[in-house]
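Topology and contacts: notes
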Amino acid sequence: AAYSLLDPKKLAAFHLQLGRILAQNLSHETWEKHLFIVAHQLARGYKLISHRDERVVIAGRIFLRAGDKAAAASAFPEAKFFYARGIDLIDNDEDWESSYQLCMDCFSKGAEAAAIAGDYEQMDAWLSVAIRRSIGLDDQFRAHYIHVRSLAQRNEMEKAVDVGLEALELIGVRIPSDNVKLHTLIELFKTRRLMKRICVADLKKIEPNKEKQVVSASRLLNILGTLSLSGKKHLCPLICFKSVQFNIKHGILSGMPISLATYGFLLSRFGMLTEATSYCEMANAVREDLGIVETIASVNMAVYGIVFPFSKPLRECEKQLHHGYTAGFEVGDVANSLRCASLHRYISFFSGQPLPKFLKGVEKVSKLMKEYNSNSTLLVNLVYQQAAVNFSGSGGASTGPAYLNGDFCDYNKIEQQFQEKTHSILHEQMNLMQTILAYHFAHYDTGWKSSEKIHVCGGGSIFKGFIFQYIHIFYRGLTAIALSRNENDKRKYAAAVKACIKVLKIGRKKSPLNLSHQSYLLEAELAVTKKRYAFAERLFMLSIEHAASAGILHEHALAHERFGFYYMMRNNHEAAYEQIRVARDLYAKWGSKAKIDF
C-alpha cells in the first residue's frame, strides 16, 4: 500500500537507491543468495547512474554476475536481460579501453544468451560489436564460436560449418576443402593407427592441457563434427578424424569423450560396428572416470542414439538418452540436449514405449524446443507426435490414421519444401513415419511412394549408419510384399523384397537383439508368397519370439497380426482367431486404439 503512494516519476530513483543499499550492506555469506534481488532493483533504476566508476562496478559486480548465474541455470532470457543492462552501462570507447575484458564478457555472453533465447537480431548486434572490438585471437575465436552455435540453432548448418572452419584457420587448424575423399582416407588410416596404441589407462595418464586457445579449438572441432552431418556431410568424417588426433596430440581430456564417441559413430557408418562399439565404450569410460559432466548430452547422443542401438536393448538406450538430455540442460549444453532429446523420442517410439507415455514425453520435449527456438529439431519431433496421435486414435489426424496430416504435422506442405532439394533429417524421418503408417493401415501405394523418397538417396541417406536404415528397409519390404500380390507389378516388387531381405539379414547380424524379429517376419511373408508354408510358420514363430524378447510391443503385435492373416488365408480360423486376439491385446497394451479399430 505504501509503495503505491510513491510518485511514479521517482520510482526509478527509489529502486536504484534500494539496490545500492542492498549491494553495500549484504554480508559475504548472503550476497550470492540475494544477487538476483539486488540486480532486479538496480535494473529498474540503472539509467540514472551517472558516475563512470559506479557504472563499471555495477555492470561487472552485479549485472554480469547475475547473467552468469542465470545462464548457469539455463534461464537464458533472464541472463540476456542482465547482460543487456550491463552493456547499457559500459558501451562507450572509454570503457572499452579501460575495462576491455568486462566489456568483451558482457557482449560475448550476452550474444550467446540472446542466441539461445532466440533473439537473433540482438545476438547479431552484440556479436558484431564483440568481433569489431576484439583485440586478440582468443576473443575473435570466442565470438566466431558463439556465431557457429547460433547459426546451428537457426538450422543454417552449412553456414555454421563455414564460419567454424574460418575460425579454426585463425588459429592454424585447417580442414582441406579439395580432394576431400583422399584426405579422408589418409586421416582415417592415421587415426586408426593412432587409436590402436591407445587405451583408457593411457588417456588417464595424459596431462590435461588448459591452454585457452587449444581448448577452444577442441570444442569447436567437436561441434563441427556434429553439425557437418547435416551441413556439408562430405566433410564430417575428415573433421571428426582431425578432432580425435587434435585432442590426443594436445591432451584435451575434456574433449576426448565426444571425439571418441563421434569416431565410433563414423566407424559404424563405415560398417566397422565392433570397433565402433569399443570406442563408444571407451568414450563412456573416459567421461565417467574423469568426471567430465559437460559432454554427457553430446556423448550419449552419439553412443546411445547411433551406435549402441545395434548392440544394446532399445529400452536401455532410451533411458540413457533421457539421462543425456536432462543432464545436458543442467550444465547449459542446450543445443546438444535438444538433439539428444530428439533421438530419445525416436528410440522411444521404435522401442515400443506405450503411446500414452510417449505422447506425454514428446509434448514436454516440443515445449522445450519451442522455448529455445530449436525449429529444426521441433519439426521432426512434431512428425513423431503426429504419428503417435494417429496410432493412438485420440483425434488430431485430419485425413485418417494412414496419413501424416493433422494437428502437429502437414506432410504435403512440408514435402513441397523439399522438391528437388537435398534430403534432410526432417525429410527422411517424415517419409519413414509415413511409410510405417501407410503400411499399418493398408495404404500400400502411399507407403511405397514415401519409401522411394528415402530409398533414392542410396548411400547418401542420412539414415546410413543408424538403426533407422534397417527399420525403413523392414517396412519398405513389407509394403513391397503387399503390392507384389498385384499381378501387374509382381516382378518389380518381388525384386524389391529380395533386396530388402538381403539388407535386413545384414542388420540381423549387426543387431540380433533388435532386428531379428523384423528379418524373420519379412522372410516369413516371402515364404508365404512362394507357398513354403511350413517354413513360413517357423519364421513367423521366430519373429514373435524375438520381438517378445526385445520388448518391442508394436512389432510383437504386428508379428502376431501377420501370422493371424496367414492362418486366415490357410482357412485355419481357430488359429487365426488366437493370433489376432493376441495381436489385439498387444496393440491395446501399446495404446493403439486405431489399430484395434482397424
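Because the structure is predicted, anything quoted here is derived from the model rather than measured. In every chain, residue numbers begin from 1 and rise along the written sequence. Only residues with pLDDT of at least 70 are given local features in this predicted model, and only at 80 or more are side-chain atom pairs given and counted; all residues enter the totals for whole chains, interfaces and linings. Neither water nor hydrogens contribute to the side-chain values; these are computed over all heavy atoms in the structure.

1. What about the overall build of the chain?
Counting its regular elements, the chain contains 31 helices and zero strands. The atom set for the radius of gyration is the C-alpha atoms, and the globule formula is 2.2 Å times the number of residues raised to the power 0.38. A compact globule built from 598 residues would reach a C-alpha radius of gyration of about 25 Å, and the chain, at 28 Å, matches this within 12%. Based on the C-alpha atoms only, the size of the chain along its principal axes is roughly 95 × 65 × 45 Å. Long-range contacts, defined here as pairs at least 24 residues apart, represent 67% of the contacts in the chain between residues at least 6 apart. Accessible area for the chain stands at about 26,200 Å²; split by element, carbon and sulfur atoms hold 53% of it. For the charge count, each Lys or Arg is scored as positive and each Asp or Glu as negative, with His and the chain ends excluded. Charge positions are represented by NZ for Lys, CZ for Arg, CG for Asp and CD for Glu. Computed over 75 positive and 60 negative side-chain charges, the separation of the two mean positions in the chain equals 6 Å. The secondary structure listing takes helices from DSSP runs of H or I that are at least 4 residues long and strands from runs of E that are at least 2 residues long, numbered from the N terminus. Throughout, a residue-residue contact means that at least one pair of heavy atoms, one from each residue, lies within 4.5 Å. Throughout, the Shrake-Rupley method with a 1.4 Å probe supplies accessible areas, and for residues the shown protein chains are the sole cover considered.

2. Observations concerning the side chain of S348
For S348, the position within the fold is in helix 19 (residues 334-350). Here the term buried applies to any residue with accessible area under 20% of the maximum for its type, exposed to any over 50%, and partly exposed to those in between, with areas from a 1.4 Å probe on protein chains only. S348 gets classed as buried once you look at its relative accessible area, which sits at 0%. Every residue in contact with S348, bar those within four places of it in the chain, is listed here: E318, Q353 and F358.

3. What to know about the nonpolar core
Counting residues in hydrophobic clusters, the biggest one holds 176 residues, and the most contacted among them are F63, Y384 and F468. Here this core takes 11 residues from helix 7 (residues 100-117), the largest share from any one element. Leave out the neighbours within four places in its chain, and F63 touches A39, L42, A43, Y46, I58, F82, Y83, R85, G86 and L89. The criterion is simple. A nonpolar core is a set of buried Ala, Val, Leu, Ile, Met, Phe, Trp, Tyr and Cys residues joined through side-chain atoms within 4.5 Å.

4. Section: the environment of G324
By the element assignment, G324 lies in helix 18 (residues 314-330). Measuring from C-alpha to C-alpha, the distance between G324 and T295 comes to 8.8 Å, with 29 residues separating the pair along the chain. Apart from residues lying up to four places away in sequence, G324 is in contact with I296, A297, N300 and C340.

5. Details of a positive patch on the surface
A cluster of basic side chains, namely R315, K319, K357 and K589, defines a positive patch on the protein surface. Examined against the element boundaries, R315 turns out to sit in helix 18. The patch calculation keeps residues exceeding 30% relative accessible area without a salt bridge and links them within 9 Å when they carry like charges or within 5 Å when they are nonpolar (Val, Leu, Ile, Met, Phe, Trp, Tyr). For this document, the term salt bridge refers to a Lys or Arg side-chain nitrogen within 4 Å of an Asp or Glu carboxyl oxygen.

6. Observations concerning a nonpolar patch on the surface
Residues F565, M568 and I580 make up a contiguous nonpolar surface patch of roughly 240 Å² in combined accessible area. Counting through the fold element by element, F565 comes out in helix 29 (residues 553-569). For F565, a relative accessible area of 38% puts it in the partly exposed group.

7. Let's talk about the side chain of Q434
Looking at the secondary structure, you find Q434 in helix 23 (residues 425-440). Beyond its immediate stretch of four places on either side in the chain, Q434 contacts A402, Y403, L404, Y411, T446 and S450.

8. Considering the packing of aromatic side chains
The pairing test for Phe, Tyr and Trp rings, Trp by its six-membered ring, is centres within 6.5 Å, and the orientation test on the planes gives stacked under 30 degrees, edge-to-face over 60, and tilted for anything in between. Applying the stated criterion to the full structure yields 31 aromatic pairs. Aromatic pair F349 and F350: ring centres 5.3 Å apart, planes at 85°, arrangement edge-to-face. Residue classification places F349 among the buried positions, given a relative accessible area of 2%. Both rings, one in F391 and one in F441, keep their centres 5.7 Å apart while their planes meet at 40°; by these two values the pair is tilted. On the criterion of sequence distance, the pair formed by F391 in helix 21 (residues 375-392) and F441 in the loop between helix 23 and helix 24 (444-455) is long-range, its members being 50 residues apart. Exposure remark for F391: the relative accessible area of 0% places this residue in the buried category. The class of F441 is buried, set by a relative accessible area of 3%. Across the ring face of F36, the terminal group of K69 is positioned such that the distance to the ring centre comes to 5.1 Å. Two thresholds decide whether a charge sits over a ring: the Lys NZ or Arg CZ must be within 6 Å of the ring centre and within 35 degrees of the ring normal. Sitting over the ring of F308, K312 keeps its end group 5.2 Å from the ring centre.

Any functional reading would require information beyond the geometric quantities listed.
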